[in-house]
Amino acid sequence: MSNEATRPEIAIAGRHLAKRFGHVQALSDASITVPSGKVVALFGDNGAGKSTFLKLLLGIYQKDAGELIIGDEQVELHSVRDAQQLGVDCVYQDLALAPDLSVVDNMFLGHELTRPGALGWAGFVDRKEMEERADAALRNLSIKLPSLRVAVQDLSGGQRQAVAVARAVMWSRTAVLMDEPTAALGARQSEIVCDLMRSVAESGLGVLVVSHDLPRALKVADTVNILWRGKTALEAPAAGLTVPEVVSTMVGYQVGEAA
Ligand SMILES: Nc1ncnc2c1ncn2[C@@H]1O[C@H](COP(=O)(O)OP(=O)(O)OP(=O)(O)O)[C@@H](O)[C@H]1O
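Residues numbered from 1 in each chain as written. Predicted model: local features only at pLDDT ≥ 70, side-chain atom pairs only at ≥ 80, totals over all residues.

As named in an unreviewed UniProt entry, the protein is Monosaccharide ABC transporter ATP-binding protein (CUT2 family), taken from Microcella alkaliphila.

See the structure below:
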């Protein structure tokens with residue numbers, strides 16, 4: 001868990017970001033700041049540029065213009081690896097879990113712990129330590145599962161989502177980005193995932209969540225950012241906003257403007 005004294009003020013931010021794909025100007029002037037310990041909800045109509053923004057923050061795409069900040073420092077990201085090394089991870093919409101592997105194996109996918117073998121040869125996977133660390137990561141977020149050895153395909157949708165969130169948190173030091181984390185879930189499981197977002201923020205990380213579930217995201221977020229045709233149309237505290245106001249801004253009316 002992060003130490004408050006050493007926590008950066010800004011976990012992650014993109015300022016005045018622009019990105020063009022051929023003839024499509026996906027982003028022209030988009031700015032989002034995610035402070036440490038806060039949940040920021042990113043809203044926007046289809047094609048507004050939300051996924052493009054996330055992919056710029058993750059190093060999947062490279063920006064044409066603007067500034068990226070991670071952990072209070074201005075950075076350049078050339079790959080996903082660059083973002084990961086700065087402590088940024090993502091819970092993707094498809095969760096990117098291997099269904100036939102256990103919870104533990106999914107939590108360590110690509111990060112397996114090995115002990116050195118005899119004569120310095122490749123070591124064996126240290127399963128005991130993997131289980132202990134996975135268990136601690138899940139407990140920190142108060143996630144309860146039937147077993148760590150169960151295959152992910154035998155968990156409920158909400159439990160799978162929780163494993164994906166815990167995995168991202170385990171490998172993040174700075175910020176966790178979430179792309180539609182409740183899209184495939186029922187009401188009760190969505191509430192559990194929203195509670196999880198708050199726990200992640202309370203652990204000191206910045207959380208940026210892209211969502212079409214406006215009522216739930218408004219409830220869980222500290223700040224709301226709305227993109228409209230590739231530009232930031234509104235950045236405001238969630239507490240003062242209603243769903244109709246958000247929808248108006250998403251479709252191009254400013255808050256307070258007569259329809
Ligand atoms: N790799 C790409 N190549 C070409 N055009 C792209 C690419 N990625 C996104 N776009 C275009 O950029 C614009 C913004 O797309 P983006 O996926 O970022 O929007 P979004 O807000 O995430 O939409 P949705 O809610 O529908 O997922 C769209 O017009 C889209 O067609």
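**Student:** Mind showing me how you'd approach the domain arrangement of the protein here?
**Tutor:** Many analyses report the size of an interface as the accessible area lost when the parts associate. Taken domain by domain, the protein consists of domain 1 (7–87 + 172–259) and domain 2 (101–171). Summarising the inter-unit geometry, the C-alpha centres of domain 1 and domain 2 are found 27 Å apart. Domain 1 puts 13 residues into the contact, and the matching count from domain 2 is 12 residues. Per-element tally for the side of domain 1 that touches domain 2: the top contributor is helix α6 (residues 187–202), with 6 residues. For the side of domain 1 that touches domain 2, the class distribution of residues is 9 nonpolar, 4 polar and no charged. (Domains from an automatic or database assignment. Contact = placed C-beta atoms within 7 Å. Helix = DSSP H or I, 4+ residues; strand = E, 2+ residues; numbered from the N terminus. Nonpolar A, V, L, I, M, F, W, Y, C, P; charged D, E, K, R; others polar.)

**Student:** Any chance you could explain the site of the ligand here in plain terms?
**Tutor:** The ligand sits among Phe-21, Val-24, Ala-26, Gly-44, Asn-46, Gly-47, Ala-48, Gly-49, Lys-50, Ser-51 and Thr-52. For the shell around the ligand, the elements supplying multiple residues, two or more each, are β2 (24–35) and α1 (50–57). The residue makeup of the shell around the ligand, split by class, is 4 nonpolar, 6 polar and 1 charged. (Near = placed C-beta within 6 Å.)

**Student:** What's the story with the pairing of strand β4 (residues 65–70) in this structure? I'm lost.
**Tutor:** For a regular strand, the rule is simple: side chains alternate between the two faces of the sheet. Bridging between strand β1 (residues 10–21) and β4 involves 5 bridges; their strand directions are antiparallel. Within β4, the position partnered with Ala-18 by the bridge is Ala-65. Where β4 lies against strand β5 (residues 73–75), 3 bridges are found, and the strand directions are antiparallel. Looking at β5, one finds that Ile-69 is bridged to Gln-74. The turn joining β4 and β5, which pair antiparallel and follow one another in sequence, is formed by 2 residues; a positive phi near 55 degrees is taken by Gly-71. (Pairing = 2+ DSSP bridges.)

**Student:** When you look at α6 in this model, what are you seeing that I'm missing?
**Tutor:** Structural remark: α-helix, 3.6 residues per turn; residues separated by three or four positions point the same way. Across its 16 residues, α6 extends 23 Å between first and last C-alpha, which sits within 8% of the 22 Å expected from 1.5 Å per residue. Those residues of α6 not exposed but buried are Ser-190, Val-193, Cys-194, Leu-196, Met-197, Val-200 and Ala-201. The buried residues of α6 occupy an angular sector of 155 degrees when projected down its axis, which confines them to one face. Elements that come into contact with the buried residues of α6 comprise β3 (39–44), α5 (157–170), β9 (175–179), β10 (206–210) and α7 (214–220). (Expected span 1.5 Å × (residues − 1). Buried ≥ 20, exposed ≤ 12 C-beta atoms within 10 Å, placed from the backbone. Arc of directions from axis to C-beta.)

**Student:** Just checking my understanding: could you explain the confidence of the model for the protein for this structure?
**Tutor:** Where the model shows low pLDDT, its predicted coordinates should not be examined in detail. Here the protein shows a mean pLDDT of 88. Residues at 70 or above account for 90%. Within the protein, β4 carries the highest mean pLDDT (98), whereas strand β7 (residues 114–115) carries the lowest (58). With pTM at 0.87, the complex prediction returns an ipTM value of 0.97. (pLDDT = per-residue confidence, 0-100.)

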